[in-house]
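Here are the chains, one letter per residue:
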Amino acid sequence: MRLGSRRQAQTSSPVFKRVRHVATRPPPAYPGHVPLTLPEKAFMAVGSGLMAFFRPQRGDMVAVFGEMTAGPALPQLLDRMLECEEGRRILKERPRINSSTVDLAALSRLPEGTFGRTYVNWLERCGVTPDTREPVRYVDDPELAYVMQRYRECHDFYHAINGMPVSVEYEIAVKLFEFANLGLPMTALAGLTTIRLPPKKRARLSEYIPWALRCGSSARSLITVYWEERWNQNVEDLKCDLGVWDPPPPIWRKPLGEATGGTATAVEV
Amino acid sequence: MSLHIASRAGVRLSQRILKRNLATTAATVEECDVVIVGGGPAGLALASALASSQNAWRVLKVRLVEAGDLSKIREWNMPPGAYSNRVSSLTNASEDFLNRVGVWRHVAQERTCAMEDMQVWDGISDARIEFSANRLEVGSRSGSGVSYMARMVENLNLQRAALTHLEEHPSIQLLDKAKVETIVNEETNGGWPLVHLSTGQTLRARLLVGADGFNSPVRKFARIQSFGWSYPTQAIVATLRHAPHTIRPHTTAYQRFLPTGPIAFLPLSPTSASLVWSTRPDLAAALTKADPAILAIMINSAFRLPNISMKYLHDRIRGIVASGATLQLDEIRQEIAWREQSHQIESHSPLASALVDPFTSVVGVPPADSELYPPLVHDLQPDTVASFPLRLSHAESYIGEGKGARTVLIGDAAHTVHPLAGQGLNGGLLDAECLVRSIDGALATGSDIGSYTALARYARERYIQNHAMLSAVDKLHKLYSSELGPVVWARSVGVEIINELDVLKAGMMISAGANANVMKGSPGWNLLASSVESVSGGVQIAKALRQGLQSAAAGVLKQASNALAGRS
């Protein structure tokens, strides 16, 4: 009897729970969730980190690395979302971004200069679609998993409003912009891949780093923006609202007019 | 035998001193040996203890001065099932003292509630410590043989009992509806304190006892400085009503440490409990002014929702109040329901509260772990919601010197403490007990009860004890106000290790007054002996250490990842 009540006491204690998870696997907390034990997480973090470093094209590895290393950054993002009305609405409605929830054809009919049109133009010019996002699998708390998912799905918007292409040096610049703005550790570690760039690209990136850090840190926390409500807003007004200013003009592989379903390699988040 | 003679000699001597003084003072001034200012629990306990003392009641002329109307307390009568909102947890040490003094038999026992178990947990990490008087074999035994560590008593119930007790001792006169106008030093005859009352009476005190609360006029007269600080918190008190448990007894107290302050649920009866919720002053103001139904659902969620959601709810309430709107029950309920949904709290979970009917939730087999949380509050007893500021203060000395000689401080006049450990009233009662022992001792040896040497024993014994208690409670409050990762981790690991060590827990309970009289027996040694005796004792310690180390390792990994992310 006495022993029974002790057991019960222990099951309630979170530290012991954490310890027990080393040996046993709890049930999934949300559809698609893969609960991992502590050693598994450590292994995944190291493995995906190495893979993402040497082959940045492996978007899935970058995604896993982001989830493994998110740590306390996600609760901070959640806190910021809860603090403002717009962010709360996102958490309550939990919107998703892909080609079935966003009517890209309707967006392309919007007048030039609107955020929706800018986004579609950017998609076309880079030859990417919003459907290539990996679902979140390894974040244990369902709400934090949504925050991670939201971050991942909004990543393209940061490219679009800043007019940044998706080749590696710009990708790193956007990642550093995100690090200054959102604080996810993965985005900072993406900055490390700078050392693997050829000298010419590295020189170009160094023009963007000061912008990324200044602009990212002074802008409003972009995770709290309900982008889907702002399709009709003028993109310059939007940038003004968010406190974002233009980076130095990037060099595109293709001029704007020729944008078709191109071959640019999308570096996934 | 010789002691007996000495004591009789002492009594005779005091009587002689008394007569001489009577002859030399003016007729308008009433000669007193002990003047107690303040008719709160500490002052009344002191008067009661003097009435039941060995020597004091025969020779001392005692007056108690109270500004309020004591007859209201004497006639205080609440219907069964209704409770006053000022409730204290009376430790067994205090109960034993009141029993010896003779006050306890006048306390309405059916209005008190023995506390057998206690659940205390961390608002951020959920690390939990459980105290059980029965399992740890600590505490007093009630009539039915069940051990309890403390007893919840309404302050008014206690005060009324003391007044009933004092009615049997007419030698102690109570002067109520008499405010202390001024206290001055007498110009001749050694400068004794003269207490001028609003009734026109003047009392000349051989010993002036300040039991007059935080803003003590006696302390001001004695020029005793007091140090301390206000906490940035305000305590909300209320009497809560909940559906009765079907299976478990109602003798568990619950306390959760939120970063804004602890919230406590203290059992009073199978369907009532007392709330002490210390929180930020603006939140306390908003919640006490709002519809009591809002406070009730906020109380339920404050024991259940993760800290991030409590913070969110607090911010929402602040936002709504700042915008000038009034808090709407449905709106807050929706917000809580949404947060529960976000945390995937199912409707049958013990953590669900917003959309659960408190009456049906107690029917049938309770969900797993439901004993870890207090029952759902369905409403508050009308007119019991109140709030007051919290502070720590300690007088620099308990005894006046020089111009302030012949004064002594007890209870809140000497020290005020955060209520998180429920030690405030108990401290005052133990002060009274110790002061009466000092006075009795002084009478036995024939010394002047107002002299510094006679009182020094009281100050020596109580000051250090109160100071240790005050500082422990203060540090606890500070430790649990922090949201810093490493601090939360360290305190959680510490609590989980302590939770495995019954000997240590029993020691904590004894030092918090769970045992009636520590001096009489040696429960601590008995406990140590029995735990060493049982083989499980050693095994338990090893197990706890192992688990502690494991959790420490998990914590180190977590800290490493935090540090990595801390750069953001």
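Keep in mind the model is a prediction, meaning the values are calculated, not measured. Counting starts from 1 at the beginning of each chain's written sequence and moves along it residue by residue. Ligands are numbered from 1 and chains lettered from A, in the order in which they are written. Predicted model: local features are reported for residues with pLDDT of at least 70 only, side-chain atom pairs are reported and counted for 80 or more only, and whole-chain, interface and lining totals are derived from all residues. Hydrogens and water molecules were not included; the side-chain quantities draw on all heavy atoms of the structure.

Caption draft 1: Fine view of the overall build of chain A. Along the backbone of chain A there are 13 helices and zero strands. From first element to last, N terminus to C terminus, chain A shows the α and β order α-α-α-α-α-α-α-α-α-α-α-α-α. Looking at chain A as a whole, 53% of its 269 residues are labelled buried. Whether two residues touch is decided by their heavy atoms; if any such pair falls within 4.5 Å, the residues are in contact. Pairs at least 24 residues apart make up 71% of the contacts formed inside chain A by residues separated by at least 6 positions. The Shrake-Rupley method, run with a 1.4 Å probe, gives the accessible areas here. Residue values count only the displayed protein chains as cover. Counting only carbon and sulfur atoms, one obtains 59% of the accessible surface of chain A, whose full area is about 12,000 Å². Counting from the N terminus, the helices are DSSP H or I runs at least four residues long and the strands are E runs at least two residues long. Three labels apply to residues, based on accessible area from a 1.4 Å probe with only protein chains included: buried if under 20% of the type maximum, exposed if over 50%, partly exposed otherwise in between.

Caption draft 2: Broad picture of the pattern of salt bridges. Residue and element names in this part refer to chain B. Whenever a carboxyl oxygen of Asp or Glu lies within 4 Å of a side-chain nitrogen of Lys or Arg, that contact is scored as a salt bridge. Counted under the stated rule, the structure contains 45 salt bridges over all chains. Note that E433 is salt-bridged to R100, the shortest N-O span being 3.8 Å. Placement of E433 in helix α13 (residues 424-444) and of R100 in helix α5 (residues 92-101) is noted, with a sequence separation of 333 residues between them. In this structure, D448 and R406 form a salt bridge, with 2.5 Å as the shortest nitrogen-oxygen distance. One end of the pair, D448, is in the loop between α13 and α14 (452-481); the other, R406, is in the loop between β19 (386-395) and β20 (407-409), with 42 residues separating them in the sequence. By relative accessible area, which is 14% here, R406 ends up buried. Overlapping salt bridges, with partners in common, bring together D96, R100, E433, R437 and E461 in one network.

Caption draft 3: Highlighting a nonpolar patch on the surface. Residue and element names in this part refer to chain A. A cluster of nonpolar residues, V46, L50 and F54, forms a patch on the protein surface that exposes about 310 Å² of accessible area. As for its placement among the helices and strands, V46 is situated in helix α3 (residues 38-54). The exposure class of V46 is exposed, given its relative accessible area of 53%. Patch membership requires over 30% relative accessible area and the absence of a salt bridge. Like charges are linked within 9 Å, and nonpolar side chains (Val, Leu, Ile, Met, Phe, Trp, Tyr) within 5 Å.

Caption draft 4: Representation of the packing of helix α9 (residues 281-289) of chain B against helix α11 (residues 307-322) of chain B in the model. Residue and element names in this part refer to chain B. Only C-alpha atoms enter the line fits that serve as axes; for helices the fit covers just the stretch in contact. Angles between N-to-C directions range over 0 to 180 degrees. Look at α9 against α11: their axes get within 10 Å of each other, and the N-to-C directions meet at 70°. Between α9 and α11, the angle is such that the two are roughly perpendicular. The segment α9 lies against α11, with D282, L283, A286 and L287 engaging H314, I317, R318 and V321. For the contact of α9 with α11, the per-class residue count stands at five nonpolar, one polar and two charged. Geometric relationships in this document are graded by angle, where less than 35 degrees denotes roughly parallel, more than 145 denotes roughly antiparallel, 65 to 115 denotes roughly perpendicular, and other angles denote oblique. In this classification, the charged set is Asp, Glu, Lys and Arg, the nonpolar set is Ala, Val, Leu, Ile, Met, Phe, Trp, Tyr, Cys and Pro, and all remaining amino acids, among them Gly, are polar.

Caption draft 5: Fine view of the confidence of the model for chain B. Residues and elements named next belong to chain B. Per-residue confidence from the predictor is given as pLDDT, running between 0 and 100. On average, residues of chain B carry a pLDDT of 83, and 87% of them reach 70 or more. Between the elements of chain B, mean pLDDT differs from a low of 47, seen in helix α1 (residues 2-24), to a high of 94, seen in β20. The model gives residues 1-13 a pLDDT under 50, and that stretch makes eleven contacts with residues more than four places away or in other chains. Note on residues 16-27: pLDDT is under 50 here. Beyond four places in sequence and across chains, it has 14 contacts.

Caption draft 6: Spatial organisation of the nonpolar core. Residues belong to a common nonpolar core when they are buried Ala, Val, Leu, Ile, Met, Phe, Trp, Tyr or Cys residues joined through side-chain atoms within 4.5 Å. In terms of nonpolar packing, the biggest core is built from 111 residues, with W227 of chain A together with W277, M298 and I299 of chain B touching the most fellow members. Looking at which element gives the most residues to this core, the answer is helix α9 (residues 142-162) of chain A, with eleven residues. Not counting residues within four places of it along the chain, the set of residues in contact with I299 of chain B comprises L240, I263, L275, W277, V377 and L380 of chain B. Residues V59, L90, F97 and L435 of chain B belong to the second largest nonpolar core, which totals 72 residues.

Caption draft 7: Region of interest: the domain arrangement of chain B. All names here are of chain B. The split of the chain into domains comes from an automatic or database domain assignment. Examined at the domain level, chain B breaks down into domain 1 (29-77 + 155-228 + 390-468), domain 2 (231-388) and domain 3 (469-562). The interface of domain 2 with domain 3 comprises eight residues on the first partner and five residues on the second. As a working definition, buried area equals the accessible area (1.4 Å probe) given up by two parts on being put together, with both sides summed. Counting each side, the surface lost to burial between domain 2 and domain 3 is near 630 Å², with a carbon and sulfur contribution of 59%. Contact with domain 3 buries area across many residues of domain 2, yet Y231, F257 and P259 alone supply 73% of it, more than any other trio. Connecting domain 2 to domain 3 are one salt bridge.

Caption draft 8: How the structure looks around the environment of Y30 of chain A. Secondary-structure assignment places Y30 of chain A in the loop between α2 (14-20) and α3. It is 34 Å that separates the C-alpha atoms of Y30 of chain A and P165 of chain A, two residues lying 135 residues apart in sequence. When residues no more than four places from it in sequence are discounted, the contact partners of Y30 of chain A are V136, R137, Y138, V139, D140, D141, P142 and A145 of chain A together with Q344 of chain B. A distance of 2.7 Å separates a polar atom in the side chain of Y30 of chain A from the backbone oxygen of V139 of chain A. N or O atoms closer than or at 3.5 Å make up a polar contact, with two conditions inside protein: a donor-capable atom paired with an acceptor-capable one, and, for residues adjacent in sequence, both atoms drawn from side chains.

Caption draft 9: Spotlight on unusual backbone geometry. All names here are of chain B. Phi at Q344 is positive, roughly 55°, even though this residue is not glycine. By the secondary structure assignment, Q344 is in the loop between α12 (329-342) and β18 (377-380). Using a relative accessible area of 37% as the deciding quantity, one classes Q344 as partly exposed. Of note in the backbone geometry, D383 takes a positive phi value of approximately 60° without being a glycine. Its location among the elements puts D383 in the loop between β18 and β19.

Caption draft 10: A look at α3 of chain A. The end-to-end C-alpha separation of α3 of chain A is 25 Å, in line with the 24 Å expected for 17 residues at 1.5 Å each. Those residues of α3 of chain A that are buried are in contact with α4 (59-68) of chain A. Given a helix with a known number of residues, its expected span is that number minus one, times 1.5 Å.

Caption draft 11: Quick look at the sheet that holds strand β9 (residues 150-154) of chain B. Residues and elements named next belong to chain B. With antiparallel pairing, the three strands of this open sheet are ordered in space as β3-β9-β4. Edge positions in the sheet fall to β3 (87-91) and β4 (113-115), since each has one partner strand and no second. Between one strand axis and the next, the sheet turns by 35° as a mean value, whatever way the strands run. Inspection of the sheet shows β4 paired to β9 by three bridges, in the antiparallel sense. Directly across from M115, in β9, lies its bridge partner A150. Relative to the sheet, α5 contacts β3 and β9, its axis offset from that of β3 by approximately 85°. Strands β3 and β9 of the sheet are contacted by helix α7 (residues 155-167), whose axis makes an angle of about 80° with β9. DSSP-based pairing: two strands are paired if at least 2 bridges between them are found.

Caption draft 12: A look at the packing of aromatic side chains. Aromatic pairs are defined between Phe, Tyr and Trp rings, using the six-membered ring for Trp, whenever the two ring centres lie within 6.5 Å; interplanar angles under 30 degrees are classed as stacked, those over 60 as edge-to-face, and all others as tilted. For the structure shown, the criterion picks out 19 aromatic pairs over all chains. Aromatic side chains F177 of chain A and W211 of chain A sit 5.3 Å apart centroid to centroid with 10° between the ring planes, which places their arrangement in the stacked category. Remark: W211 of chain A occurs in helix α12 (residues 199-218) and F177 of chain A occurs in helix α10 (residues 168-182); sequence separation between them is 34 residues. With respect to class, F177 of chain A is no different from W211 of chain A; both count as buried. An aromatic cluster is built from F115, Y119, F157, Y158, W227 and W231 of chain A, whose rings are joined through pairwise contacts. We count a charge as sitting over a ring when the NZ of a lysine or the CZ of an arginine lies within 6 Å of the ring centre and within 35 degrees of the ring normal. Over the ring of F214 of chain B we find R391 of chain B, and its NZ or CZ is 3.7 Å from the ring centre.

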